[in-house]
Amino acid sequence: MSMAVLGLIVGMALAFAGYFGGFGAFLLVAALGAVGFVVGRFLDGDLEPGDFFRPRERGDRR
């Protein structure tokens, strides 16, 4: 699945949540989507738990 199609699906889900559930539902769907994205990156092996807790070095700008 391309990133454009995935972005379309996420945008539609957020639009439906905002329209039918209001702004609170929109925020809930967006927050849970972000959590799902991070968990997916962990499962794919792109992130490690230490990435969030390890301090950056002075010259390391991401």
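What counts, and where the lines are drawn
- Per chain, residue numbering runs from 1 following the sequence as it is written.
- Per-residue local features of the predicted model are confined to residues with pLDDT of at least 70, and side-chain atom pairs are confined, for both listing and counting, to 80 or more; whole-chain, interface and lining totals are unaffected and use all residues.
- Hydrogens and water molecules were not included; the side-chain quantities draw on all heavy atoms of the structure.
- Pairs were defined over the aromatic rings of Phe, Tyr and Trp, the Trp ring being its six-membered one, requiring ring centres within 6.5 Å. Orientation was assigned from the angle between planes: stacked under 30 degrees, edge-to-face over 60, tilted for the rest.
- Under the scheme used here, helices are H or I runs from DSSP no shorter than 4 residues and strands are E runs no shorter than 2 residues, and both carry numbers assigned from the N terminus.
- Here's how the labels work: a residue is buried when its accessible area is under 20% of the maximum for its type, exposed when over 50%, partly exposed in between, all with a 1.4 Å probe on protein chains only.
- Think of pLDDT as the predictor's per-residue confidence, scored from 0 to 100.
- Note on contacts: a residue pair is in contact if any heavy atoms of the two residues lie within 4.5 Å.
- Think of a 1 Å grid over just the protein atoms. A cavity is a set of points where a 1.4 Å probe fits yet cannot get out, a pocket is an open set with protein on both sides within 12 Å along at least five of seven lines, and lining residues have an atom within 4 Å of a point.
- Grid points are joined across faces, edges and corners, and a volume is the space filled by probe spheres set on the points.
- Side-chain classes are defined by residue name, with Ala, Val, Leu, Ile, Met, Phe, Trp, Tyr, Cys and Pro counting as nonpolar, Asp, Glu, Lys and Arg as charged, and the others, Gly among them, as polar.

K.L.:
I would appreciate a short explanation of the packing of aromatic side chains in the present structure.
P.N.:
To describe a pair of aromatic rings, one takes the distance between the centres and the angle between the planes. One pass over the structure, following the stated rule, counts three aromatic pairs. An angle of 5 degrees between the planes, with centres 6.0 Å apart, marks the rings of Phe16 and Phe20 as stacked. A residue pair is termed a helical-turn pair when its members lie 3 or 4 positions apart in one helix, as Phe16 and Phe20 do in helix H1 (residues 3-21) at four residues. Residue Phe20 is classed as exposed on the basis of its relative accessible area, which comes to 61%. Grouping aromatic residues by their ring pairs yields a cluster made of Phe16, Tyr19 and Phe20.

K.L.:
How should the confidence of the model for the protein chain be read in this particular structure?
P.N.:
Do not read the fine detail of predicted coordinates wherever pLDDT is low. Residues at a pLDDT of 70 or more form 90% of the protein chain, whose mean pLDDT is 80. When the elements of the protein chain are averaged for pLDDT, helix H3 (residues 50-53) gives the smallest value, 74, and H1 the largest, 86.

K.L.:
Just to check I follow, could you spell out the environment of Arg41 for this structure?
P.N.:
Considering the arrangement of structural elements, one finds Arg41 in helix H2 (residues 23-44). The exposure class assigned to Arg41 is partly exposed, which follows from its relative accessible area of 31%. Those residues in contact with Arg41, other than ones at most four positions away along the chain, are Asp46 and Leu47.

K.L.:
Quick question: what am I supposed to make of the layout of surface pockets here?
P.N.:
Rolled over the atoms, a probe as big as a water molecule pinpoints where empty space is left. Here the largest pocket defines a volume of roughly 250 Å³. Considering the residues around the largest pocket, the lining is formed by Met3, Leu6, Ile9, Val10, Ala13, Leu14, Val29, Ala30, Gly33, Ala34 and Phe37. If one sorts the elements of the lining of the largest pocket by residue count, H1 sits on top with six residues. Classifying every residue of the lining of the largest pocket by side-chain character gives ten nonpolar, one polar and no charged.

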